[in-house]
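# Survey of secondary and tertiary structure
So you can see what is in the structure, the chains are spelled out below.
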Number of protein chains: 2
Amino acid sequence: MFPKLDPILHSELRLAVISLLAGVESADFTYIKQQTGATAGNLSVQLDKLSSAGYITVEKGFKGKMPRTTCSITPAGLEAFRKYIDALKEYIST
Amino acid sequence: MFPKLDPILHSELRLAVISLLAGVESADFTYIKQQTGATAGNLSVQLDKLSSAGYITVEKGFKGKMPRTTCSITPAGLEAFRKYIDALKEYIST
DNA sequence: ATAAACAAGTTTATATTATAAACCAAATTT
DNA sequence: AAATTTGGTTTATAATATAAACTTGTTTAT
């Protein structure tokens, strides 16, 4: 009746990140931080979790001389997001 | 952009309970336990939280000689559920 | 009549999670 | 060259979820 909700996605910040990445090719750390309003520390930790789960890729490079971290959603991430939304609907469709 | 999700409702079991109660007049502990598949301990704790938040009422009585706990959603609970759903849509409508 | 098993929960302990505070290295500005 | 800013990471703490253990009383079997 109530399907299990993917615990990786059932987190306010991680869900916001995935939602954001689902709509774009890629986004960098600073942009995600701005859009979500997260603190850098929290964002760093949650990006790690999404990355460890294989839901996003995190690439570190440089823009000029400054470090730059770029994130993209993976096919697995998109699929998990889709499934999460479907599961949620079982809860919220009264 | 990403609205805050009510932390009382952003919990798998509590959300299931509210979802269930939103559709009925009332439901007792055992029924909720069956429908959600929760352990009694977990359910007890989460019902307390929903009750403390004013989202449900919990009435203790007896059915014959056996104790029976009956739960109902409150108007505040229904409103919070509605708001939670609206907030969620900001996350999942890509 | 009493011991064993069951019902309906509650309390407490533990594991996990989320979050913020403190920190670090390098770049830029004054 | 000292101070500030950028772009993060690591670590510590607070909050949460969950299960295990316990309680109280009932029913069933011996």
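Our structure's up above, just so we're on the same page.
Worth saying up front: this structure is predicted, and the values here are computed from it rather than measured.

About the criteria used
- Residues numbered from 1 in each chain as written.
- Chains lettered and ligands numbered in written order.
- Predicted model: local features only at pLDDT ≥ 70, side-chain atom pairs only at ≥ 80, totals over all residues.
- Heavy atoms only, no water.
- Helix = DSSP H or I, 4+ residues; strand = E, 2+ residues; numbered from the N terminus.
- Buried < 20%, exposed > 50% of the residue type's maximum accessible area, 1.4 Å probe, protein only.
- Contact = heavy atoms within 4.5 Å.
- Areas by Shrake-Rupley, 256 points an atom, 1.4 Å probe, with all protein chains shown as cover.
- Phe/Tyr/Trp six-rings, centres within 6.5 Å; stacked < 30°, edge-to-face > 60°.
- Pairing = 2+ DSSP bridges.
- Near = heavy atom within 4 Å.
- Polar contact = N/O pair within 3.5 Å; in protein donor to acceptor, adjacent residues only side chain to side chain.
- Nonpolar A, V, L, I, M, F, W, Y, C, P; charged D, E, K, R; others polar.
- Arc of directions from axis to C-beta.

## A short note on the overall build of chain A
Of regular secondary structure, chain A possesses four helices and three strands. Moving toward the C terminus, one meets the helices and strands of chain A in the order α-β-α-α-β-β-α. Principal axes of the C-alpha set define a box for chain A whose edges measure 55 × 25 × 20 Å. Residues classed as buried in chain A amount to 44% of the 94 residues present. Considering only residue pairs separated by 6 or more positions, chain A has 54% of its internal contacts joining residues 24 or more positions apart. Accessible area of chain A: about 5,200 Å², with a carbon and sulfur share of 53%.

## A closer look at the packing of aromatic side chains
All names here are of chain A. Applying the stated criterion across every chain, the model contains two aromatic pairs over all chains. Geometrically, the ring pair formed by Phe2 and Tyr91 is tilted, given 5.0 Å between the ring centres and 40° between the ring planes. Of this pair, Phe2 sits in the segment before α1 (12–22) while Tyr91 sits in helix α4 (residues 75–92), and the two are 89 residues apart along the sequence. Classification of Phe2 by relative accessible area gives buried; the value is 14%. Look at Tyr91 and you get buried, because its relative accessible area is 1%.

## Details of the pairing of strand β2 (residues 56–63) of chain B
Residues and elements named next belong to chain B. Here eight bridges tie β2 to strand β3 (residues 66–73), and the two strands are oriented antiparallel to one another. Note that in β3 the partner of Gly61 across the bridge is Arg68. Counting the residues in the hairpin turn of β2 and β3 gives two residues, including Gly64, whose phi is positive at 70°.

## Re the protein's contact with DNA strand D
Lining the immediate environment of DNA strand D, one finds 21 residues, of which Ser44, Lys60 and Thr69 of chain A together with Ser11 and Arg14 of chain B sit closest. Close to the protein, within 4 Å, the atoms of DNA strand D belong to sugar or phosphate groups at a rate of 72%. Side-chain polar atom of Thr69 of chain A to a phosphate oxygen of DNA strand D: 2.2 Å apart, as the coordinates give it. In this structure, a phosphate oxygen belonging to DNA strand D sits 3.5 Å away from a side-chain N or O atom of Lys49 of chain B. Looking at the surface near DNA strand D residue by residue, the classes come out as seven nonpolar, nine polar and five charged.

## Side note on the protein's contact with DNA strand C
For DNA strand C, the set of nearby residues contains 21 residues, the closest of which are Ser11 and Arg14 of chain A together with Ser44, Lys60 and Thr69 of chain B. With respect to DNA strand C, the side chain of Lys60 of chain B contributes an N or O atom lying 2.6 Å from a phosphate oxygen. Going through the elements one at a time, α3 (40–52) of chain A together with α2 (29–36), α3 (40–52) and β3 of chain B are the ones with two or more residues in the surface near DNA strand C. Split by residue class, the surface near DNA strand C holds seven nonpolar, nine polar and five charged.

## A short note on α2 of chain B
Residues and elements named next belong to chain B. Within the span of α2, buried status applies to Phe29, Ile32 and Thr36. Viewed end-on, α2 has its buried residues packed into an arc of 65°, placing them on one side of the element. Its buried side turned inward, α2 meets α1 (12–22), β1 (27–28), α3 and β3. After α2 finishes, the residue Gly37 shows a positive phi value of roughly 75°.

## Quick notes on the sheet that holds β3 of chain B
Within the open sheet, the three strands sit side by side as β1-β3-β2 (chain B). Their pairing is antiparallel. Because the sheet does not close on itself, it has two edges, and the strands there are β1 and β2 of chain B.

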